[in-house]
Amino acid sequence: MKLFKLAKNFRNDEDGAVTVDWVVLTAAIVGLGIAVLTSVTSGTKTLTEKVSNQLSGQTIKTTF
């Protein structure tokens, strides 16, 4: 009878389910963060190259 009581308590215990929920939620947030970081990184690289090309083409007058 003790085994049935232990099985019933195990089935009704929801601590593990809450842990799984938090792990899934955390994994989703981390995945979203990585996706945003990848998007921002490529955009930043393109913008940096454009600014570098623009500045390389500029000349500074040294006569007053």
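Quick note: structure is the one above.
In this numbering scheme, every chain counts its residues from 1 along its sequence in written order. Under the rules for a predicted model, residues below a pLDDT of 70 receive no local features and side-chain atom pairs below 80 are neither given nor counted, while totals for whole chains, interfaces and linings still include all residues. To get the side-chain values, take all heavy atoms of the structure and skip hydrogens and water.

A. Spatial organisation of the overall build of the protein. Secondary structure follows DSSP: runs of H or I at least 4 residues long count as helices, runs of E at least 2 residues long count as strands, and numbering of each begins at the N terminus. When its secondary structure is counted, the protein shows two helices and zero strands. Against the compact-globule benchmark of 11 Å for 64 residues, the protein has a radius of gyration of 29 Å, which places it well outside the compact range. Along the three orthogonal principal directions, the C-alpha set of the protein runs to about 100 × 20 × 10 Å. Split into buried and exposed, the 64 residues of the protein put 0% on the buried side. Of the roughly 6500 Å² that the protein leaves accessible, carbon and sulfur atoms contribute 68%. Charge centroids of the protein, computed over 7 positive and 5 negative side chains, lie 5 Å from each other. A radius of gyration in this sense is built from C-alpha atoms; the matching globule rule multiplies 2.2 Å by the number of residues raised to 0.38. Relative accessible area decides the class of each residue, using a 1.4 Å probe on protein chains only: under 20% of the type maximum gives buried, over 50% gives exposed, and in between gives partly exposed. Note on areas: Shrake-Rupley, 1.4 Å probe, and residue coverage restricted to the protein chains presented here. Residues counted as positive are Lys and Arg, residues counted as negative are Asp and Glu, and His and the chain ends are not counted. Think of each charge as sitting on NZ of Lys, CZ of Arg, CG of Asp or CD of Glu.

B. Region of interest: the environment of I60. Along the chain, I60 turns up in the segment after helix 2 (15-56). For the pair formed by I60 and V18, sequence separation is 42 residues and the distance between their alpha carbons is 64 Å.

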